[in-house]
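Given next are the chains, with one letter for each unit.
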Amino acid sequence: MDLYQVLGVPRNAAPADVERAYLRLARRYHPGINPGDGVSAELYRRVQEAYAVLGDPDRRREYDRGASPAPAATIEATMAFEGFDFSSLAEGAAAATFSELFADVFQDAARRVSAPEQGTSLDITLQLSFEDAVRGGQFPLSVTRSERCGACGGTGHVPRPPVPCPQCAGAGSRRWARGHMVFSKNCELCGGVGQILSHSCRVCGSSGVQARSEVVTLSLPPGVEDEARISVPGRGHAGARGGSAGDLYVTIEVAPHPYLRREGRDLALTLPVAVHEAALGARINVPTLDGPVALKIPAGSASGQRLRLRGRGVPGDASGAVPPGDLVAELQIVLPPVRDERSKELLREFGRLNDIDVRRHLFGGAS
Ligand SMILES: [Zn+2]
Ligand SMILES: [Zn+2]
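S.K.: Requested: an account of the pairing of strand E3 (residues 122-128), with residues and values cited.
M.R.: With burial as the criterion, only one face of E3 is covered, namely that bearing Leu122, Ile124, Leu126 and Leu128; the residues Asp123, Thr125 and Gln127 on the opposite face remain uncovered. Here E3 runs beside strand E11 (residues 248-254); their pairing, made up of seven bridges, is parallel. When the sheet's bridge partners are listed, Leu126 is paired in E11 with Ile252.

Pasting the structure below:
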């Protein structure tokens, strides 16, 4: 790659012409002006490399003598800015004019990248049996979350014996002239301190966080509802670079029960009763979560009638502030299959003895 060709200048071009050509090309191919254009990005990189050599009198002389250009002494500062990667290769003496002109923007971006970030929340689902949801209790959850890195205390940096900053030679700021303008800014590498006091944490890659599995025990009151979302503050992902942790959200999924259903704090079931039990009254056993309980069916009960067993629903809380719910039995009269002649004869006689029109109300009182 001929560096003169890259900048489109003759080998005997004056330094001012080299700079002009560089500025023109750098502006044309700058990634900020050509978003997502890979070819422009590559051309921009080559223009930067060529100017890093040809813009420096010593390095240009070496290059003209036939020496292959030594890799530029670069400090690669990669910063996210408007979704782009600004990788400035030519820092130091041959600093890219773009980073000079955009010095404020770069410093802003650098500050934003290194600021602590609030951790993100973590969402998990807990599947509960119907009985567990009714009774509540302690439920251990296995959670994989990012935690503050122990090696660096979440800062992403580990202290080291101080050395003078290689970029500003200990001055803390950089001043340089370009044409008639003099530029000055805080050294980004040492933040203006002039010394390097820490190095990146190798354990966490300077993010300050590490993935870790742990068990979080969730304490649920009796009667947690299906699709309830429980928040556990501070048990989400740790924030990058020492930021506070996000929250853990647990969404409850309650499995259905074969015959019980939830009606708030009441438990309900459809209770089949035989014709003679409904007509004559009976004492029958009803299943509850604590075993069978006797229920009195009054004589003359109808289908759809709801009978309550007090306090046999969702348990109340320990303090007594929330009372227990009931078990609600909804009666369903079940007719046994009538096959034998004797039963049929009894039912015919029953009909003759109880000659009332059960559909009278559908016809305005006259049938
Ligand atoms: Zn670390
Ligand atoms: Zn410095």
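And the narrative resumes.
S.K.: An account of the nonpolar core is requested, with residue identities and associated values reported.
M.R.: The biggest cluster of nonpolar side chains holds 38 residues, and the ones touching the most others in it are Leu126 and Ile252. When residues of this core are assigned to domains, at least three map to each of domain 2 (122-153 + 205-254) and domain 4 (261-363). In this view, Leu126 contacts Phe139, Leu141, Leu218, Leu220, Val250, Thr251, Ile252 and Glu253; residues no more than four positions away in its chain are not counted. By size, the runner-up hydrophobic cluster in this structure holds 19 residues, among which are Val9, Tyr22, Val47 and Val53.

S.K.: Break down the environment of Gln5 for me, with residues and values.
M.R.: By secondary structure assignment, the location of Gln5 is in helix H1 (residues 3-7). Counting along the chain gives 42 residues from Gln5 to Val47, while the straight-line C-alpha distance between them is 9.9 Å.

S.K.: Residues and numbers for the coordination of the zinc ion (ligand 2), please.
M.R.: Taken together, the protein ligands of the zinc ion (ligand 2) are Cys165 (SG), Cys168 (SG), Cys187 (SG) and Cys190 (SG), with distances of 2.2 to 2.3 Å. Geometry at the zinc ion (ligand 2) is tetrahedral, judged from the four donor atoms that bind it and their angles of 104 to 115° at the metal. Donor residues for the zinc ion (ligand 2) sit on one chain with the sequence pattern C-x2-C-x18-C-x2-C. Here Cys165, found in the loop between strand E5 (157-164) and strand E6 (173-178), pairs with Cys187, found in the loop between strand E7 (181-186) and strand E8 (195-200); they are 22 residues apart in sequence, far enough to count as distant.

S.K.: Run through the packing of aromatic side chains, naming residues and quoting values.
M.R.: Summed over all chains, the structure comprises two aromatic pairs. A centroid spacing of 3.9 Å and a plane angle of 5° characterise the contact between Tyr22 and Tyr51, whose relative ring orientation is stacked. A residue pair is termed long-range when its members are at least 10 positions apart, and Tyr22 in helix H2 (residues 15-29) and Tyr51 in helix H3 (residues 38-54) qualify at 29 residues. Of the two residues examined, Tyr22 and Tyr51, each falls in the buried class. Lying across the ring of Tyr249, Arg229 places its NZ or CZ 4.1 Å from the centre.

S.K.: Describe the pattern of salt bridges, listing the residues and the values that go with them.
M.R.: The final tally for this structure, using the stated rule, is 23 salt bridges. For Arg45, the salt bridge identified is with Glu42, shortest N-O distance 2.9 Å. You can see Arg45 and its partner Glu42 sitting in helix H3, three residues apart, about one turn around the helix. A relative accessible area of 34% means that Arg45 is categorised as partly exposed. Classification of Glu42 as partly exposed rests on a relative accessible area of 29%. A salt bridge links Asp266 to Arg308, with the nearest nitrogen and oxygen atoms 3.1 Å apart. Placement of the pair is Asp266 in strand E13 (residues 266-274) and Arg308 in strand E16 (residues 306-309), with a sequence separation of 42 residues. Since its relative accessible area comes to 16%, Asp266 is described here as buried. Classification of Arg308 by relative accessible area gives partly exposed; the value is 40%. Taken together, the shared-partner salt bridges connect Arg145, Glu147, Arg212, Glu214 and Arg235 into one network.

S.K.: Account for the sheet that holds E16, with residues named and values stated.
M.R.: Strands in a sheet are paired, the pairing made by backbone hydrogen bonds, and the direction either parallel or antiparallel. The strand order across the open sheet built from four strands is E12-E13-E17-E16, with neighbouring strands paired in mixed fashion. Among the strands making up the open sheet, the edge pair consists of strand E12 (261-263) and E16. Geometrically, the sheet is characterised by an average inter-axis angle of 40° between neighbouring strands, direction not taken into account. Of the pairings in the sheet, the one linking E13 to strand E17 (residues 327-334) comprises eight bridges and is parallel in character. Bridge pairing links Pro272 to Gln332 in E17.

S.K.: How would you explain the coordination of the zinc ion (ligand 1) if you had to name every residue and give the values?
M.R.: With distances of 2.2 to 2.3 Å, the protein atoms coordinating the zinc ion (ligand 1) are Cys149 (SG), Cys152 (SG), Cys201 (SG) and Cys204 (SG). Geometry at the zinc ion (ligand 1) is tetrahedral, judged from the four donor atoms that bind it and their angles of 103 to 115° at the metal. One chain supplies every donor to the zinc ion (ligand 1), and in sequence these donors are spaced C-x2-C-x48-C-x2-C. Placement of Cys149 in the loop between strand E4 (137-148) and E5 and of Cys204 in the loop between E8 and strand E9 (209-220) is noted, with a sequence separation of 55 residues between them. Residue Cys149 shares its accessibility class with Cys204, and that shared class is buried.

S.K.: Give a detailed account of the sheet that holds strand E10 (residues 229-232), specifying residues and quantitative values.
M.R.: Read from one edge to the other, the open sheet built from three strands follows the order E3-E11-E10, with strand pairing classed as mixed. What marks the edges here is a single partner per strand, and that holds for E3 and E10. For this sheet, the mean angle separating the axes of adjacent strands, direction not counted, is 25°. As defined by bridge partners, E10 adjoins E11 across four bridges and the pair is classed as antiparallel. In the sheet register, Val232 faces E11, and the bridge partner there is Leu248.

Reading guide: rules and limits
Residues numbered from 1 in each chain as written. Chains lettered and ligands numbered in written order. Predicted model: local features only at pLDDT ≥ 70, side-chain atom pairs only at ≥ 80, totals over all residues. Heavy atoms only, no water. Buried < 20%, exposed > 50% of the residue type's maximum accessible area, 1.4 Å probe, protein only. Helix = DSSP H or I, 4+ residues; strand = E, 2+ residues; numbered from the N terminus. Pairing = 2+ DSSP bridges. Core = buried A, V, L, I, M, F, W, Y, C linked by side-chain atoms within 4.5 Å. Domains from an automatic or database assignment. Contact = heavy atoms within 4.5 Å. Donors = N, O, S within 2.8 Å, 3.2 Å for Na, K, Ca; no water. Tetrahedral: all angles 85-135°; square planar, octahedral: opposite > 155°, others 65-115°. Phe/Tyr/Trp six-rings, centres within 6.5 Å; stacked < 30°, edge-to-face > 60°. Lys NZ or Arg CZ within 6 Å of the ring centre and 35° of its normal. Salt bridge = Lys/Arg side-chain N within 4 Å of Asp/Glu carboxyl O. Axes fitted to C-alpha atoms, helices over the stretch in contact; angles between N-to-C directions.

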